Amino acid sequence: MTAEPAAAAVRATVYGYPRQGANRELKKAIEGYWKGRVSADALRTTAADLRRSNWRELADAGLTEVPTGDFSYYDHMLDTSVMLGAIPDRHREAVAADTLDGYFAMARGTQDVAPLEMTKWFDTNYHYLVPELGPDTVFAADSGKQVAELTEALALGLTARPVLVGPITYLLLAKPAPGVAADFEPLTLLDRLLPVYAEVLADLRAAGAEWVQLDEPALVQDRTPAELNAAARAYRDLGALTDRSKLLVAGYFGRLGEALQVLAASPVEGLALDFTDSGAANLDDLAAVGGLPGKRLVAGVVNGRNIWINDHQKSLATLGTLLGLAGQVDVAASCSLLHVPYDAAAERDIDPEIRGWLAFARQKTTEIAVLARGLSQGTDAIGAELAANRAALASRANSPLTRDPAVRARTAAVTDADGRRAQPYPERAAAQRAQLGLPVLPTTTIGSFPQTDELRVARADLRAGRIDAAGYEERIKDEIREVISFQEKTGVDVLVHGEPERNDMVQYFAEQLTGYLATQHGWVQSYGTRYVRPPVLAGDISRPEPMTVRWTSYAQAQTDRPVKGMLTGPVTMLAWSFVRDDQPLGETARQVALALRDEVNDLEAAGTSVIQVDEPALRETLPLRAAEHAAYLDWATESFRLTTSGVRPDTQIHTHMCYAEFGDIVQAIDDLDADVISLEAARSHMQVADELAEHGYPREAGPGVWDIHSPRVPSAEEAAGLLRKGLAAIPAERLWVNPDCGLKTRGWAETRASLENLVAAARDVRAELAELTDGTAKG
Ligand code: GLN
Ligand code: ZN
């Protein structure tokens, strides 16, 4: 820790701030605009007011440099496409007619024109709009938004730094436009793109920017030598410009690795690096390249994407080391604060002691300012803050919430055998076949049935006290009976209860597990105006009582066919929550797994012979660097097996994942040792079936034959066609027939028709198979 003040004044800053406003004013204004209830002028005014109040707040909290340009009506990648003139042809007319409406058309599509594709921003739960580029793309600078927002902030008398997505990350995240060859590499457009960045930089300099930040998070991923070369070229060329502000290149979400050398050797004046746990290696790497003499180093020591208070002692130690390694050291969060909720102080329902462990965007801003003060004036200047920080950390470390001896004893006692089914798969398969008596090509669904307005009304009625728990329960039971009877009538083989009681597949369980906290206002942007409120996995996890057994048993009592129990798996429970940072993720996953294991065993004891444990997040949580994959997949698969291995051989374990590109984790999927897996496959024409076959996947699989992401009803013939494709890869004894994913977003009409067609397809293909075997027998 440093006691001596640093030589130069230390600046405190962030790269971005939550956009929505304290009461989600931006969401309301934008959605109001879409519905025609809010005028464009009123929307612009709301947005400008929010930007102003955010900047004032940041400055009042003690930040000495505020970001600009991080605001967005929808997404900052889309803003970057606009800034670079990379408007897809199909949207040009709309953009020319009205920039705002054209912008939203790119984001959301219109009746006639498809939107840009959306995908996850690195390993966060934020989604960006994917730029569409091709050999004919003509870039054109449009610095209007960036210049206007910089001007607004400067007018407030603040020191402001525009934040832009950098050219390498922009190109690496782009994809070939429709109609362009799939192997087109957007990075080949770099030479065409750099002059456009040069124009924007000149405009920002003219508007008064001392510094401009270029975000390059793509450089914390594994990059080829060619890509690193492109980065070197880009920053050599941008650095060589004379008409520009000073450049700060930010690489966040982890360790820069090879790219650090490239950027350190470039003429840019500053680097922003991640020094939280995920980027800790940057510290040694920085020393290894000889530091950044003469450059500005912005040290991301406060975690920008978790919701926990910082460890000031630890940060000051890091900052102290960094002082010897760069010309100037400034303090920041590791990444934009876009990924955390706005204000922990608003969480009135959380015990004040526990609330003291939480730092959302507002609290993180203050932490950054405190650290900067400590670094420039010496730690005595922040004595009170350090004492309070130590006390809060101690309270957290010693709390019964974070240290439950029973939970700890149980995880410590886990043996390798606990994570293995007692019988090998062939024995289990035989026992399950005898137990379940299913036809060849059995049909099933993924779990949820349409979440109807009536169900939402019932939940709202319960919350508002218009109905009591018993009244709510009746409505759920009505729904379950309807779902069961529909499946029976349609001829589905393995039924589900439909999940009508679940608002969300993670929240539903989080609410029932000890160790999880719910927030009242902890909204974070998922995409556009969609905000989610992830639960907080704060403490040791235990399950006070069964969570799903009642509903599953009720459903089973309505039918003689098997009803599948439905659970959310440990990896997904972590991935879609804010997780604790005071122990390895694997340890947390193990606690969740043991709680879920009890649920699995209770379901079995209650007579459930098929149990599905969903892990849709398994692939998306894969670390950004390949070197870290093995360790992650190790604990991820172990926790799944720990959840599912306590059952009898004749109990059939299913899992479900909904993504089509899983080639790089097929071994991990095999390692789950689930008896049956259902996967999304309809859109990729059953490609996953081939990938499973190529791998030699030994167990049963249901590649989806109905794309549930659209309201389109597949015909029986179409589904049968996909099934026959599946049969070419997976033998009939191991092939299941199911949709791509749950049906909660679908309406009942299309669900009825599609499921009937799916069952018809299974019957048709079964008949073909029977004919084939008869034929063989006779011949
Ligand atoms: N069982 C869940 C459902 O059907 C699975 C959802 C998912 O895969 N995301 O809704
Ligand atoms: Zn799914």
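Computed from a prediction, not measured in an experiment: that's the story for all the values here. (Residues numbered from 1 in each chain as written. Chains lettered and ligands numbered in written order. Predicted model: local features only at pLDDT ≥ 70, side-chain atom pairs only at ≥ 80, totals over all residues. Heavy atoms only, no water.)

Participant: Even after reading the chapter, I still don't get the overall build of the protein chain, so can you show me in this structure?
Facilitator: Broken down by element type, the protein chain carries 28 helices and 21 strands. In terms of overall size, the protein chain behaves like a compact globule, its C-alpha atoms giving a radius of gyration of 28 Å where 779 residues would be expected to give roughly 28 Å. Along the longest, intermediate and shortest principal axes, the C-alpha atoms of the protein chain span 85 × 60 × 55 Å. Each of the 779 residues in the protein chain was classed as buried or not, and the buried ones make up 58%. A fraction of 79% describes how many contacts in the protein chain between residues 6 or more apart in sequence connect residues 24 or more apart. Surface accessibility of the protein chain: about 29600 Å² in total, with carbon and sulfur atoms responsible for 51%. Averaging the positions of the 78 positive and the 109 negative side-chain charges in the protein chain gives two centres separated by 2 Å. (Helix = DSSP H or I, 4+ residues; strand = E, 2+ residues; numbered from the N terminus. Rg over C-alpha atoms; globule rule 2.2 N^0.38 Å. Buried < 20%, exposed > 50% of the residue type's maximum accessible area, 1.4 Å probe, protein only. Contact = heavy atoms within 4.5 Å. Areas by Shrake-Rupley, 256 points an atom, 1.4 Å probe, with all protein chains shown as cover. Lys, Arg positive; Asp, Glu negative; His and termini not counted. Charge placed at Lys NZ, Arg CZ, Asp CG, Glu CD.)

Participant: What am I meant to see in the side chain of D614 here?
Facilitator: Take D614: it is sitting in strand β18 (residues 610-614). Of the side chains bearing the opposite charge, R502 lies closest to the buried D614, which forms no salt bridge; the N-O distance is 6.0 Å. Residue contacts for D614: discarding those within four places in its chain leaves M505, M566, L567, T568, G569, T572, T655 and H656. (Salt bridge = Lys/Arg side-chain N within 4 Å of Asp/Glu carboxyl O.)

Participant: It is not clear to me how helix α11 (residues 281-288) should be interpreted in this structure. Could you clarify?
Facilitator: The periodicity of an α-helix, 3.6 residues per turn, causes residues three or four positions apart to be oriented the same way. Within α11, the full set of buried residues consists of N282, D285 and L286. The buried residues of α11 all sit within an arc of 100° when viewed along its axis, so they share a single face. Counted as exposed and oriented over 90 degrees from the buried face of α11: D284 and A288. Looking at the packing, one finds that the buried side of α11 touches α10 (258-264), β9 (270-274), β10 (292-302) and α12 (312-323). Two residues or fewer past α11, G290 is found with a positive phi of approximately 85°. (Arc of directions from axis to C-beta.)

Participant: How should the pattern of salt bridges be read in this particular structure?
Facilitator: When charged atoms on two side chains of opposite charge get close, those side chains can pair. All told, the structure shown has 60 salt bridges when counted by the stated rule. Note that E149 and K145 form a salt bridge whose closest N and O atoms lie 3.2 Å from each other. Of this pair, E149 and K145 both sit in helix α6 (residues 144-155), four residues apart, roughly one helical turn. Since its relative accessible area comes to 4%, E149 is described here as buried. In this structure, the salt-bridge partner of R456 is D453, at a minimum N-O distance of 3.7 Å. One end of the pair is R456 and the other is D453, both in helix α18 (residues 453-464) and three residues apart, which spans about a single turn. One salt-bridge network, in which partners are shared between bridges, spans R11, E65, R161, E210, K246, R296 and D330.

Participant: Honestly, the site of ligand 1 in this entry has me stumped. Any pointers?
Facilitator: Taken together, 13 residues are adjacent to ligand 1, and S448, E499, D614, H656 and G742 come closest. Between ligand 1 and the protein, one listed contact pairs a nitrogen atom with a backbone N or O atom of I446 at 3.1 Å. In this structure, S448 approaches ligand 1 through a side-chain N or O atom, which is 2.7 Å from an oxygen atom. Alone, ligand 1 offers 300 Å² of accessible surface; in the complex the protein occludes 94% of this. For the shell around ligand 1, the residue count by class is six nonpolar, four polar and three charged. (Near = heavy atom within 4 Å. Polar contact = N/O pair within 3.5 Å; in protein donor to acceptor, adjacent residues only side chain to side chain. Nonpolar A, V, L, I, M, F, W, Y, C, P; charged D, E, K, R; others polar.)

Participant: I keep staring at the pairing of β9 and nothing clicks. Help me out?
Facilitator: When a strand is regular, its side chains alternate between the sheet's two faces. Across the five residues of β9, five count as buried, placing the element largely inside the fold. By the alternation rule, side chains of β9 split into G270, A272 and D274 and L271 and L273, which are all buried. In terms of strand pairing, strand β8 (residues 246-251) meets β9 through four bridges, oriented parallel. Following the sheet pairing, V249 is matched in β9 by L271. A crossover connection joins β8 to the parallel β9 through α10; in handedness this β-α-β unit is right-handed. (Pairing = 2+ DSSP bridges. Right-handed = clockwise from strand over helix to strand, strands pointing away.)

Participant: Would you explain the coordination of the zinc ion (ligand 2) in this entry?
Facilitator: For a metal bound by four donors in a tetrahedral arrangement, the ideal donor-metal-donor angle is 109.5 degrees, while six donors in an octahedral arrangement ideally sit at 90 or 180 degrees. In the first shell of the zinc ion (ligand 2), the protein supplies H656 (NE2), C658 (SG) and C741 (SG), at 2.0 to 2.4 Å from the metal. Each donor residue of the zinc ion (ligand 2) lies on one chain, and together they are spaced H-x1-C-x82-C. Placement of the pair is C658 in the loop between β19 (652-657) and α25 (666-671) and C741 in the loop between α27 (716-729) and α28 (748-778), with a sequence separation of 83 residues. (Donors = N, O, S within 2.8 Å, 3.2 Å for Na, K, Ca; no water.)

Participant: It is not clear to me how the packing of helix α3 (residues 76-83) against helix α5 (residues 99-108) should be interpreted in this structure. Could you clarify?
Facilitator: When two helices pack together, their arrangement is given by the angle between the helix axes and the distance between those axes. Interaxial distance between α3 and α5 falls to 11 Å at its minimum, and their mutual angle equals 125°. Put simply, α3 runs oblique to α5. Where α3 crosses over α5, the two elements pack in a sense that is right-handed. Contacts from L78, D79 and V82 in α3 reach Y103, M106 and A107 in α5. Within the contact of α3 with α5, the residues separate by chemical class into five nonpolar, no polar and one charged. (Axes fitted to C-alpha atoms, helices over the stretch in contact; angles between N-to-C directions. Parallel < 35°, antiparallel > 145°, perpendicular 65-115°, else oblique. Left-handed = near helix turned anticlockwise from the far one by under 90°.)

Participant: Can you walk me through the side chain of D673 in this structure?
Facilitator: Following the sequence through the fold, D673 ends up in the loop between α25 and β20 (676-679). Here R428 takes part through its side chain, which lies 3.0 Å from a polar atom of the side chain of D673. The contacts of D673, once residues within four sequence positions are left out, are R421, R428, R641 and R699.

Participant: Please clarify how the packing of helix α8 (residues 190-206) against helix α9 (residues 225-240) should be interpreted in this entry.
Facilitator: Contact geometry of α8 with α9 gives a least axis separation of 10 Å together with a crossing angle of 35°. As α8 runs across α9, the sense of the crossing is right-handed. Along its contact with α8, which presents L190, D191, L194, Y197, A198 and L201, the element α9 presents A230, R233, A234, D237 and L238. Looking at side-chain class alone, the contact of α8 with α9 contains eight nonpolar, no polar and three charged residues.

Participant: Before we go on, may I ask you to explain helix α1 (residues 25-34) in this structure?
Facilitator: Within α1, burial applies to L26, K27, A29, I30, G32 and Y33. At the C-terminal side of α1, G36 shows a positive phi close to 80°.

Remember that the coordinates give geometry; whether it matters functionally is a separate question.
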